[in-house]
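Okay, here's what each chain looks like letter by letter:
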Amino acid sequence: MEVSLLPRRQAIYRPWRKAALIAAALATVCVIAGAFSLGARTDLASARVSTPSRLAVRQGFAPLAQHSAFSRNMVEKATGKCQAPIFPGRMSVSAVAPELLSPPTKPDFSEPRFMWQALREAIDEEMERDPSVMIMGEDVGHYGGSYKVTTDLYKKFGDLRILDTPICENGFTGMAIGAAMTGLRPIVEGMNMGFLLLAFNQISNNCGMLHYTSGGQYKVPVVIRGPGGVGRQLGAEHSQRLESYFQAIPGVQLVAVSTPRNAKALLKAAIRSDNPIVFFEHVLLYNLKDEVGGPDEVQSLEHAEMVREGKDITILTYGRMRYTVMEAVKTLQAKGYDPEVIDLISLKPFDLHAIKKSIEKTHKAIIVEECMLTGGIGASLSSEIHERFFDLLDHQVVRLSSQDVPTAFALELEAATIVQPEQVIQAVEKVVGAK
Amino acid sequence: MLFHRLVQTAVRRGIGVPTYRTFCSQLSQFDSAQQLQKAKASKPKDVLSPRQENDRPSTTYDFTTHLEIVDPTKDPVIPAYRVMDTNGTLLRGSERDLLLDEKSIVKMYHTMGEVAALDHILMQAQRHGRVSFHMQNAGEEALQVGSAAALEPQDHIFSQYRELGVFLWRGFDMQQVAHQCLSNAEDLGKGKQMPMHFGCGKLNMYTISSPLTTQLPQAAGCAYALKRRNTDACVMCYFGDGAASEGDFHAAMNFASTLDCPVIFFCRNNGWAISTPVSEQYRGDGILSRAKGYGMKGLRVDGNDMFAVHEATREARKYAVNQSRPVLIEAMSYRRGHHSTSDDSTTYRLSEELDWWAHNDCPAKRVRLHLEKRDVWDSEMEAEMRTMHKKKVLKCLGTAEKTLKPNISELFTDVYAEMPERLKRQQNDLEEHLKKYGTEYNLSKYQS
């Protein structure tokens, strides 16, 4: 895993001690992932979601006015009827009474896969399903992608649909936009999200704007995906959180994945969406192993995911920080706290419906994110929560973010830059009080 | 002797001396083996090991014991292709060689007249406050109409913002131009883009985006999409001399060349980028000399000669479609107007310069003189045409001014494929606000 994390251009020699440290960290992450997925299944089982509505939950979401027609269609196709707003991973809430539920059956794709394999499957299935889908980027073809996401896809789809490009992010992002306006559905793979800063002009001025300025004549159904976030000693330039910078662009949607299951389902939904989607993966999560859904399982791009139900406090997080939070939750549980953990998934727009439901229950919220304190996703989310749900809150929203510094290379400094489980525990104890 | 050397250098560089035959053969044949042989024949004596037979000359090279620094300033400046002189006389060949009948030429001249009329009146209208912004096309009518007339309806076009003639020729009529410039409800863009930034899906003309050169990589992407569909369409991409300095130019040229995209990169070299003259914009031999660096064919043409531009575009299109390769056309012209209504070019250029171009090399005048020489046109018809165009523009402008602006709620549409909840909320908030305070705003101008 470590070798594939490094950009191909660098050749860094790792001392054995560091390798052992990294292997230990990786093992911890896998253990967390394993624990989490077990926990998730337990939660689902205890929620007693029936097979049809669980499939429906996975396949599409509520036809409320605020949800997209795409979601509406998926629900109708899946269940043959309109459903009230439902929350992924749990039974329906709000006005509709819960259905009688039976224990879940095994999903189709029961063998656990790495996240990079899950993403690869998503791309593979969508490219088979729709010949206008293609993927372009640096080293995506014969090399198979820097994170193996496009391994061997060129053998199946050819060099034109799995397109290797010269090194110019603004160039190939612009190219993808032009191709999208001409009827294709391109996926742009950035080798690292940080490189997409070079594509900012095309993403902001054209990707986000052309549907608007053309009066709806031209649509831009691109998916711009790549690994971002703080990795393991990748240096400041390769540890960026671009969701901070992209969130203000009108016209784009931002999605952050965290598990192999939601990665596959969300990527499929993103490819099928007519909007431009910036799709954030995380460098450290590619080797996470878990079950995934089948070829028809898509997940709503606008809904959050319930990770753990609780009643003491709402913890809002996304991406890799989900695992940091779940590690803290272990200790918190032991101490007697019962936090509710929600994975935001949709960074733009926020799923305020789900957040409201949770805060109505807990009356307290903290945000755990990897963005920096200034101008991050948490900053926007915090202000929205305060503005809308002020009367529901017993305590101000506490925001745990990375330090406002470039990410240092030294391991200890890097660790001190981002949020650690101890900080989450401390914040929860402060907000909820002693137990 | 000197001429022989000149030809030898030109041939070695792969660019033909501009006779009609060699010009066509240079473009239409993807025959670098022939060029390779010629290069071999003219190799200096001190070259060592033989070159490998390879159809990609950029990857092979010989070794030499002679230390020679390649100096581009020693290369001859690439000449511009011209068919008709500034007095409308054909320089070689006959009228049949133009491959345009009289009717077409008159129609093209009419379109040039429309451009001039729209330009003049919209410019005045802006100064009078009837239109908020305008960008003139004066001086570039020939390259716009000439190139547009050589394309097919199935070709896709990306523009910068100074291609009014292209839009008019394709079928984007004067009334639509007026509606777009007044940002009213009949505008296809629903009043969301600046005046003169047209876009029309039906005509395969992509909405113009203000930042320079962003359309170039998009054109390469569009060409890639068309290539996959296996059509006989190509992409035409217009941009200026200043835009060619942007990074996206390099990206697009490189991508189009490495990925074999059928796109015509059409550079309108009009001498000025706002106040930056071309002498400050680049050091090399114009934009065309750069094509060589990307392994791309190209040509330079007299942009004020409508027939030359037409022929060049026709040949380039044939090449791009048949060989699925990009080609660069550099059309040399002159920007007779200001950059836009926000610019006053008298502050950085002399009126003598403007006068020189107006009198000595006016694209519309050249076509008119040619038509008069053929006894197809006279001053009466000219006056009639001008009056007709002026009337039509004024009428269109008047109609557009009477048309209401789009409904205020349209502010929130088309941001996404479907309007998300938070935008609906903002839309509702605005509507509530207007219900209460609507009288403070001039809502009568907007559709309700």
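Given the structure is predicted, the values throughout are model-derived calculations rather than measurements.

About the cut-offs
Residues numbered from 1 in each chain as written. Chains lettered and ligands numbered in written order. Predicted model: local features only at pLDDT ≥ 70, side-chain atom pairs only at ≥ 80, totals over all residues. Heavy atoms only, no water. Helix = DSSP H or I, 4+ residues; strand = E, 2+ residues; numbered from the N terminus. Buried < 20%, exposed > 50% of the residue type's maximum accessible area, 1.4 Å probe, protein only. Contact = heavy atoms within 4.5 Å. Areas by Shrake-Rupley, 256 points an atom, 1.4 Å probe, with all protein chains shown as cover. Polar contact = N/O pair within 3.5 Å; in protein donor to acceptor, adjacent residues only side chain to side chain. Pairing = 2+ DSSP bridges. Right-handed = clockwise from strand over helix to strand, strands pointing away. Expected span 1.5 Å × (residues − 1). Core = buried A, V, L, I, M, F, W, Y, C linked by side-chain atoms within 4.5 Å. Arc of directions from axis to C-beta. Salt bridge = Lys/Arg side-chain N within 4 Å of Asp/Glu carboxyl O. Axes fitted to C-alpha atoms, helices over the stretch in contact; angles between N-to-C directions. pLDDT = per-residue confidence, 0-100.

Draft legend 1. Geometry of the overall build of chain B. Looking only at helices and strands, one finds 16 helices and seven strands in chain B. Within the span of chain B, comprising 448 residues, buried residues form 51% of the whole. A separation of at least 24 residues holds for 73% of the contacts in chain B among residues at least 6 apart in sequence. Accessible area of chain B: about 21200 Å², with a carbon and sulfur share of 53%.

Draft legend 2. How the structure looks around unusual backbone geometry. Residue P349 of chain A follows K348 of chain A across a cis peptide bond; omega there is 5°. For P349 of chain A, the location among the structural elements is in the loop between β12 (346-348) and α13 (352-362). With phi around 55°, K190 of chain B is a residue other than glycine that occupies positive phi space. Among the structural elements, K190 of chain B can be located in the loop between α7 (174-181) and α8 (215-229). A residue is classified by how much of its surface remains accessible, and K190 of chain B, at 26% relative accessible area, is partly exposed. Backbone geometry at D414 of chain B places phi at a positive 65°, although glycine is not the residue there. Checked against the element boundaries, D414 of chain B lands in the loop between α15 (379-402) and α16 (421-437).

Draft legend 3. Quick peek at the side chain of T259 of chain A. All names here are of chain A. Following the sequence through the fold, T259 ends up in the loop between β6 (253-256) and α11 (260-272). T259 gets classed as buried once you look at its relative accessible area, which sits at 5%. Polar side-chain contacts of T259 include one of 3.0 Å to the backbone nitrogen of N262.

Draft legend 4. Structural view of the pairing of β6 of chain A. Residues and elements named next belong to chain A. With burial as the criterion, each face of β6 is covered, one bearing Q253 and V255 and the other bearing L254 and A256. In the sheet, β6 pairs with strand β7 (residues 277-282) via four bridges, with the strands oriented parallel. Opposite Q253, over in β7, you have I277 as the bridge partner. The parallel pair β6 and β7, bridged by α11, forms a crossover whose chirality is right-handed. Pairing geometry for β6 and β12, over two bridges, is antiparallel. Residue pairing for β12: L254 is matched across the bridge by K348.

Draft legend 5. Representation of helix α4 (residues 102-127) of chain B within the structure. Taking 1.5 Å as the rise per residue, α4 of chain B with 26 residues should run 38 Å; its terminal C-alpha atoms sit 38 Å apart, in good agreement. Just past α4 of chain B, the residue G129 of chain B takes up positive phi, approximately 85°.

Draft legend 6. Main features of the nonpolar core. All names here are of chain B. Of all hydrophobic cores here, the largest spans 87 residues; its most connected members are F239 and F265. Broken down by element, this core gets its largest block of residues, eight residues, from α8. Excluding residues within four positions of it along the chain, F239 makes contact with Q160, E163, Q215, L216, A244, F249, F265, F266, C267, R268, I287 and L328. Core analysis: the second largest hydrophobic core is formed by 70 residues, A117, M205, L299 and A316 among them.

Draft legend 7. Main features of helix α6 (residues 153-161) of chain A. Buried residues of α6 of chain A: L153, Y154, F157 and R161 of chain A, and no others. Seen end-on, α6 of chain A carries its buried residues on one side only, within an arc spanning 125°. Looking at the buried positions of α6 of chain A, the neighbouring elements they touch are α5 (115-129), β2 (133-137) and β3 (162-164) of chain A together with α8 of chain B.

Draft legend 8. Looking closely at the pattern of salt bridges. Residues and elements named next belong to chain B. As enumerated under the stated definition, the model contains 50 salt bridges over all chains in all. A salt bridge links D260 to R325, with the nearest nitrogen and oxygen atoms 2.6 Å apart. Of this pair, D260 sits in the loop between α9 (247-258) and β3 (263-269) while R325 sits in the loop between α12 (306-323) and β7 (327-332); the two residues are 65 residues apart in sequence, bridging distant segments of the chain. Given a relative accessible area of 24%, D260 falls into the partly exposed group. A residue is classified by how much of its surface remains accessible, and R325, at 6% relative accessible area, is buried.

Draft legend 9. Examining the sheet that holds β7 of chain B more closely. Residue and element names in this part refer to chain B. Taken together, the five strands give an open sheet; going across it, the order is β1-β2-β3-β7-β6, and neighbouring strands pair in parallel fashion. Both outer strands of the open sheet, β1 (156-158) and β6 (297-302), are each paired with one neighbouring strand and no more. For this sheet, the mean inter-axis angle between neighbouring strands, taken without regard to orientation, is 20°. The pairing of β1 with strand β2 (residues 235-240) spans three bridges and is parallel. From the neighbouring strand, I157 faces β2, where its bridge partner is M236. Packing against the sheet, α9 makes contact with β2, β3 and β7, and its axis sits at approximately 150° to β3.

Draft legend 10. Representation of the confidence of the model for chain A within the structure. Residue and element names in this part refer to chain A. Across chain A, the average pLDDT comes to 82, with 78% of residues at 70 or higher. Ranking the elements of chain A by mean pLDDT puts helix α3 (residues 51-59) last with 36 and strand β10 (residues 313-317) first with 98. Confidence over residues 1-12 falls short of pLDDT 50; this stretch has 23 contacts with residues more than four positions distant or in other chains. Across residues 39-107, confidence stays below pLDDT 50; counting only partners more than four residues off in sequence or on other chains, it has 116 contacts.

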